[in-house]
Amino acid sequence: MDSPPQPPSDQPVVVEEAPREPILTLPWPLTAYVVLLVLIHLRVLLPPELDNWTIDAFGFIPKRYDSSLVNLQFAGGAGAKVWTFVTYSLLHANLTHLGFNVLWLLPFGSALARRFGGLRFFLFLAVTAVAGALAHLVTHEHAVVPMIGASASVSGAMAAAIRFAFVRGSFLSFSRSDADTAAKVPAQPLLHALRDRRIVGFLGVWFVLNFIFGAGGIGVDGDSAGVAWQAHIGGFFAGLLLFALFDPVPRVRNGDAADASSQDISSGI
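The rules behind each value
- Residues numbered from 1 in each chain as written.
- Predicted model: local features only at pLDDT ≥ 70, side-chain atom pairs only at ≥ 80, totals over all residues.
- Heavy atoms only, no water.
- Helix = DSSP H or I, 4+ residues; strand = E, 2+ residues; numbered from the N terminus.
- Buried < 20%, exposed > 50% of the residue type's maximum accessible area, 1.4 Å probe, protein only.
- Contact = heavy atoms within 4.5 Å.
- Areas by Shrake-Rupley, 256 points an atom, 1.4 Å probe, with all protein chains shown as cover.
- Expected span 1.5 Å × (residues − 1).
- Salt bridge = Lys/Arg side-chain N within 4 Å of Asp/Glu carboxyl O.
- Core = buried A, V, L, I, M, F, W, Y, C linked by side-chain atoms within 4.5 Å.

Engineer: Is there a simple way to explain the overall build of the protein in this structure?
Structural biologist: Along the backbone of the protein there are 11 helices and three strands. Written out in order from the N terminus, the α and β elements of the protein read α-α-α-α-α-β-α-α-α-α-β-β-α-α. Per-residue burial over the protein gives 44% buried out of 269 residues. Taking as baseline every contact in the protein between residues at least 6 positions apart, the subset at least 24 positions apart corresponds to 76%. Accessible surface for the protein amounts to roughly 14,600 Å². Of this, 66% is attributable to carbon and sulfur atoms.

Engineer: What should I look at first to understand helix H1 (residues 28–41) in this one?
Structural biologist: Think of an α-helix as turning once every 3.6 residues; residues three or four places apart then point the same way. With 14 residues, H1 extends 20 Å from end C-alpha to end C-alpha; this agrees with the ideal 20 Å at 1.5 Å per step. Looking at the buried positions of H1, the neighbouring elements they touch are helix H4 (95–116), helix H5 (118–139) and helix H6 (151–165).

Engineer: Which parts of the structure should I look at to understand the pattern of salt bridges?
Structural biologist: Once the charged atoms of two side chains with opposite charge are near each other, the side chains can pair. As enumerated under the stated definition, the model contains four salt bridges in all. Between Lys-63 and Asp-66 there is a salt bridge, with the nearest N and O atoms lying 3.2 Å from each other. The burial state of Lys-63 is the same as that of Asp-66; both residues are buried. Its salt-bridge partner being Arg-115, residue Asp-247 comes within 2.7 Å of it at the nearest N-O pair. One end of the pair, Asp-247, is in the loop between helix H10 (229–246) and helix H11 (254–267); the other, Arg-115, is in helix H4, and 132 residues separate them in sequence. Overall, the relative accessible area of 10% leaves Asp-247 in the buried class. A relative accessible area of 2% means that Arg-115 is categorised as buried.

Engineer: Would you mind showing me how to read helix H3 (residues 80–87) here?
Structural biologist: Along H3, the residues classified as buried are Ala-80, Thr-84, Phe-85 and Thr-87. For H3, the elements touching its buried residues are helix H2 (48–58) and H5.

Engineer: Would you take a moment to explain the nonpolar core for this structure?
Structural biologist: Where a protein is soluble and globular, its nonpolar side chains tend to be buried together. Formed by 40 residues in total, the largest nonpolar core has its most connected members in Tyr-33, Leu-112, Phe-116, Phe-121, Ile-162, Phe-164 and Phe-243. Contributing elements (two or more residues each) for this core: H1, H4, H5, H6, helix H9 (197–213) and H10. Residue contributions to this core peak at nine residues, all from H6. Residues contacting Tyr-33, with those up to four places away along its chain left out, are Ser-89, Leu-90, Leu-105, Phe-121, Phe-122, Leu-125, Ala-150 and Ser-153. In terms of nonpolar packing, the next biggest core, distinct from the first, is built from 10 residues, Tyr-88, Ala-133, Met-147 and Ala-231 among them.

Everything listed here is a matter of geometry and, on its own, says nothing about what the molecule does.
Pasting the structure below:
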């Protein structure tokens, strides 16, 4: 049998390299959001009096809505009663506070940004921020300490992501697909999701950590900081309950959801 012809020794042989995959890829909406948080945090380079004014004008202050106040004025005027429901979530007390929120957001926010796309993702973060502010307002109606931090939105993103995170093929399942495919699996119906032991366990751990460590939102009062855990709860429940209003991926039927869940568990044994 004749051997295949060999290329002449004086001609270069081209060896194709396999494409290099980046170690960590983030969808552009999440990247843009993180960059925005970092840029806004550069306000700490401002003179202290201007930095304090920024927190007062854009942080969420429940006392601002106290109708019994007549002569007490807050920075930002009447407009701050509207925009601070969202703008407080873009401010952070220090790099640790900012870094902690970003680290929590990376896995869940990445999946959610890929699933929602830019417009839905940004609107969802704003809505969960509003829900966190409302929860804080109801429980701290006379507080004068500004609340700042993205943790209500981070909590909302986590709650929304777990609606599909454990479905077979998604990013927390044993048989996960690539990032884009994993983010587009059909979500479980809410009632079915709340019967999933993995989701219930996740919820339990999250609530315990939230109460013990207060992961995220911070109120600023000089050098002291208090945890606005009610805002976390408000953002979390808003994300869990309002997820379906933002989700562009068609729902699965209860039977299909059960099949996907059970197949995923069996494949991981």
